[in-house]
Amino acid sequence: MSEKFKIKGGIPLKGEVSIGGAKNAVLKLMAAAILAKGETKIYNVPDLTDVGIMLSVIEGLGTKTFYDKVEKSVTIDATTISSITAKYELVSKMRASFIILGALVSRCKEAIVALPGGCAIGERRVDFHIKGLEALGAEIKIENGYVHAKAKRLVGADVYLDIPSVGATENLMLAAILAEGATRIQNAAQEPEIIDLANFLNTMGADVSGAGTSEIVINGVEQNNLHPIEYTTIPDRIEAGTYMSAIIATRGKAVIRNVFPGHLTFFNDKLLKMGANIKLIEPTALEVSCKNRLSSINFVTQPYPGFPTDLQSMAMTLLTTADGVGIITESLYENRFMQVPDLIRMGADIHQDRNHAIVKGVKKLTGAMLSASDLRAGASLVVAALMTDGNSTIENLHHVDRGYENFEEKIRLLGGKIERYVDESAKLTEGQRDDQREGFYDESHL
Ligand code: EPU
């Protein structure tokens, strides 16, 4: 039975919210943990469905894993790897699990990992991952939807990425850790999550330099140089950006704790240009507020340190009621405007032409029955629903559960009215469903 959010908008968010560990960092650290024999422990691990999927992938290799929900830690005992296969049933649920390819080839010199395929937001190819592994000496066969990589020995090489792909940079970093000699990744991704992975690997005994710049050098080490570690991952900059958007959207005032402001420089700059207030009150705490109607801006999503594609839908939501016209260009994905039809149903004025969206600010959005179509589109609909003076429901919550821990609890902590409920309407007759739709705009709904 499907779960939905009920949201009553129009309440300025106030108070404090604390940001959890970065999903897109922790998933890669979990894969990297299999490089060292023994028990590695990672702290600040959010309780997300994606983390659960990665744990299943790693357990499927014969490791022992344990997630401590109270301590928010994951323990991975990779003393033995008894399988080199990551099955389609798991990889297809979460593309990020493809990262296990580089780690397995490094540790076992062989891996059989399902190809993740495209996804709703774009084609999301893995050709750079594969070409990079070949450059290191792996022989790659693609059979029955699986990548079979095998190498007698991996030897360091120079690899140039056509696009600074986050996943390809990470897969190659992992593959190069135990290779002979130096690997240089040119046009590497520079995201904070890449730096976190390099720090994790270096703590483990690897030799990685240049992470956070466009050239990363990995000097291969011997297996016995690597040792299990304890490590705390960085805060989630996209979760932080989502709450910043929700506070600004509702003209609220609140403090965001456990955030690394330096990871959000470009996004903060755009919010300031729109008229929001952002104050650094402690090295890891921001006070965010907004009193007046925002002004429209234009922006283009780009690899880090540019405007993050993962916050494009949040910024679009803010533009829907800003003064003027804003133009958004999505340069990373072919289909990342999945929130547009729902925002239009709420009264937004948006014209989309391929990877451009023209957003003409309207005075108000109105509540509606909405559907999350992917993780970030779904989160932006929560922000949009909080902006209205009315009631909204959002279905398909499994998308938002992939990346937001305790989403509704954190919004409620800030004073927002949001509830998760199980939709029983599947059991209703058509007539009863019509009655329910009519009652939707009744205040008693929430
Ligand atoms: N690309 C290729 N070939 C490749 C690899 C990438 O053409 O071999 C293209 C992709 O199709 C895409 C672009 O390059 O158009 C960028 O993809 P990238 O590899 O950088 O992205 P990713 O590693 O698959 C990570 C995050 C995404 C985030 C992007 C960009 C994780 C688990 N995912 O994906 O996060 O949007 O980087 O910053 O780290 C999210 O959290 O909602 C999310 C989608």
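Everything in this summary refers to the structure shown in the same document. Only a predicted model underlies this, so the values are computations on that prediction, with no experimental measurement involved. (Residues numbered from 1 in each chain as written. Predicted model: local features only at pLDDT ≥ 70, side-chain atom pairs only at ≥ 80, totals over all residues. Heavy atoms only, no water.)

## Some points on the site of the ligand
So, point 1. Every one of the 22 residues lining the ligand counts as a neighbour, but Lys-28, Asp-127, Ser-165, Asp-310 and Leu-332 are closest to it.
So, point 2. Interatomic distance of 3.1 Å between a side-chain N/O atom of Arg-124 and an oxygen atom of the ligand.
So, point 3. Within the side chain of Tyr-333, a nitrogen or oxygen atom sits 2.8 Å from an oxygen atom of the ligand.
So, point 4. Here the ligand loses 89% of its free accessible area of 830 Å² to cover by the protein chains.
So, point 5. Those elements giving two or more residues to the shell around the ligand turn out to be helix H1 (23-32), helix H5 (127-135), helix H6 (166-176) and helix H12 (375-387). (Near = heavy atom within 4 Å. Polar contact = N/O pair within 3.5 Å; in protein donor to acceptor, adjacent residues only side chain to side chain. Areas by Shrake-Rupley, 256 points an atom, 1.4 Å probe, with all protein chains shown as cover. Helix = DSSP H or I, 4+ residues; strand = E, 2+ residues; numbered from the N terminus.)

## As for the pattern of salt bridges
So, point 1. Scanning the entire structure with this criterion turns up 25 salt bridges.
So, point 2. Residue Lys-23 pairs with Asp-50 through a salt bridge whose shortest N-O separation is 3.8 Å. Linking Lys-23 in helix H1 with Asp-50 in helix H2 (residues 49-59), this pair joins segments that are 27 residues apart in sequence.
So, point 3. On the basis of relative accessibility, which here comes to 6%, the residue Lys-23 falls in the buried class.
So, point 4. Between Arg-354 and Asp-353 there is a salt bridge whose closest N-O contact spans 3.4 Å.
So, point 5. A residue is classified by how much of its surface remains accessible, and Asp-353, at 45% relative accessible area, is partly exposed.
So, point 6. Where salt bridges share partners, they join Glu-3, Asp-401, Glu-408 and Arg-420 into one cluster. (Salt bridge = Lys/Arg side-chain N within 4 Å of Asp/Glu carboxyl O. Buried < 20%, exposed > 50% of the residue type's maximum accessible area, 1.4 Å probe, protein only.)

## Structural notes on the nonpolar core
So, point 1. Within the largest apolar cluster, 78 residues are counted, with the highest numbers of intra-cluster contacts made by Ile-100, Met-173, Ile-177 and Leu-201.
So, point 2. Within the second largest apolar cluster, 67 residues are counted, among which are Ala-240, Val-259, Val-288 and Phe-407. (Core = buried A, V, L, I, M, F, W, Y, C linked by side-chain atoms within 4.5 Å.)

## What about the pairing of strand S23 (residues 391-395)?
So, point 1. For S23, the tally of buried residues reaches four of five residues, placing the bulk of the element in the interior.
So, point 2. Pairing of strand S1 (residues 3-8) with S23 involves four bridges; the strand directions are antiparallel. Bridge pairing links Lys-8 to Asn-391 in S23.
So, point 3. With three bridges joining them, strand S22 (residues 369-371) and S23 adopt parallel strand pairing. Note on S23: the bridge partner recorded for Met-369 is Thr-393.
So, point 4. Crossover handedness for the path S22 to H12 to S23: right-handed. (Pairing = 2+ DSSP bridges. Right-handed = clockwise from strand over helix to strand, strands pointing away.)

## Digging into the packing of H1 against H6
So, point 1. The contact between H1 and H6 brings their axes to 11 Å, and the two run at 25°. Here H6 runs roughly parallel to H1, going by the angle between their axes. In this structure, H1 meets H6 at a crossing whose hand is right-handed. From H1, Asn-24, Lys-28, Ala-31 and Ala-32 reach across to H6, where they touch Val-166, Glu-170 and Leu-174.
So, point 2. Residue composition of the contact of H1 with H6, by class: four nonpolar, one polar and two charged. (Axes fitted to C-alpha atoms, helices over the stretch in contact; angles between N-to-C directions. Parallel < 35°, antiparallel > 145°, perpendicular 65-115°, else oblique. Left-handed = near helix turned anticlockwise from the far one by under 90°. Contact = heavy atoms within 4.5 Å. Nonpolar A, V, L, I, M, F, W, Y, C, P; charged D, E, K, R; others polar.)

## Overview of the sheet that holds strand S17 (residues 285-289)
So, point 1. With mixed pairing, the four strands of this open sheet are ordered in space as S2-S15-S17-S16. With partners counted over all chains shown, the strands left at the sheet margins are strand S2 (14-18) and strand S16 (277-282), one partner each. Each neighbouring strand pair of the sheet contributes to a mean axis angle of 20°, computed without reference to strand direction.
So, point 2. In the sheet, strand S15 (residues 253-257) pairs with S17 via five bridges, with the strands oriented antiparallel. Along S17, the bridge assignment pairs Lys-253 with Ser-289.
So, point 3. Its contacts with the sheet place helix H8 (residues 237-249) against S2, S15, S16 and S17, and it is angled at close to 170° to S15.

## What about the packing of H6 against helix H7 (residues 192-204)?
So, point 1. Where H6 contacts H7, the axes come no closer than 10 Å and their chain directions differ by 10°. Accordingly, the angle class assigned to the pair H6 and H7 is roughly parallel. Taking contact as the criterion, the partners of Val-166, Thr-169, Glu-170, Met-173 and Leu-174 in H6 are, on H7, Glu-193, Ile-194, Leu-197, Ala-198 and Leu-201.
So, point 2. Class assignment of the residues belonging to the contact of H6 with H7 gives a composition of seven nonpolar, one polar and two charged.

## Points about the environment of Tyr-160
So, point 1. By the secondary structure assignment, Tyr-160 is in strand S10 (residues 158-160).
So, point 2. Of the residues examined, Tyr-160 reaches a relative accessible area of 55% and is grouped as exposed.
So, point 3. Sequence-wise, Tyr-160 and Ser-2 are 158 residues apart; in three dimensions their C-alpha atoms are separated by 45 Å.

## Here we look at the packing of aromatic side chains
So, point 1. Inspection of the entire model under this criterion finds seven aromatic pairs.
So, point 2. Residues Phe-200 and Tyr-231 carry aromatic rings whose centres are separated by 5.3 Å and whose planes lie at 80° to one another, so their mutual orientation is edge-to-face. Placement of the pair is Phe-200 in helix H7 and Tyr-231 in strand S14 (residues 230-232), with a sequence separation of 31 residues.
So, point 3. With relative accessibility at 0%, the residue Phe-200 sits in the buried group. (Phe/Tyr/Trp six-rings, centres within 6.5 Å; stacked < 30°, edge-to-face > 60°.)

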